[in-house]
Amino acid sequence: MENTVSNTCESATAYVIAELEAKGTATRDDFDVPAIVAASHAIADSWDFAEIDRGTFWNIAASNLRV
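The structure reproduced in this document is the subject of the present report. (Residues numbered from 1 in each chain as written. Predicted model: local features only at pLDDT ≥ 70, side-chain atom pairs only at ≥ 80, totals over all residues. Heavy atoms only, no water.)

We now examine the environment of Trp47. Checked against the element boundaries, Trp47 lands in the loop between α2 (33-44) and α3 (54-63). Along the chain, Trp47 and Ser11 lie 36 residues apart, while their C-alpha atoms are 7.5 Å from each other. Those residues within four positions of Trp47 in sequence are excluded, and the remaining contacts are Asn7, Thr8, Cys9, Ala12, Val37 and His41. (Helix = DSSP H or I, 4+ residues; strand = E, 2+ residues; numbered from the N terminus. Contact = heavy atoms within 4.5 Å.)

Written as structure tokens, this is what we have:
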């Protein structure tokens, strides 16, 4: 059986959360994760967000920071 990564909304959400929490300075609760996933999906036209420009991703994240 071939081992493949599923590109779904759930996997995209997990990717976003992992990116947001990678440095340990923020948590998923600091951001509107569903909004980041939706905006990233619209830009990528895919659930695979690894190809999104890092600057673009972080601009999306910053614009969805909960204050």
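There's more to say after this.
Once that is clear, we can look at the pattern of salt bridges. Summed over all chains, the structure comprises 2 salt bridges. Put simply, Glu19 and Arg54 hold a salt bridge, and the shortest N to O gap is 2.8 Å. Linking Glu19 in helix α1 (residues 9-21) with Arg54 in helix α3, this pair joins segments that are 35 residues apart in sequence. We note a salt bridge from Arg28 to Glu21, for which the minimum N-O separation is 3.2 Å. Looking at Arg28, the relative accessible area reads 39%, which means it is partly exposed. (Salt bridge = Lys/Arg side-chain N within 4 Å of Asp/Glu carboxyl O. Buried < 20%, exposed > 50% of the residue type's maximum accessible area, 1.4 Å probe, protein only.)

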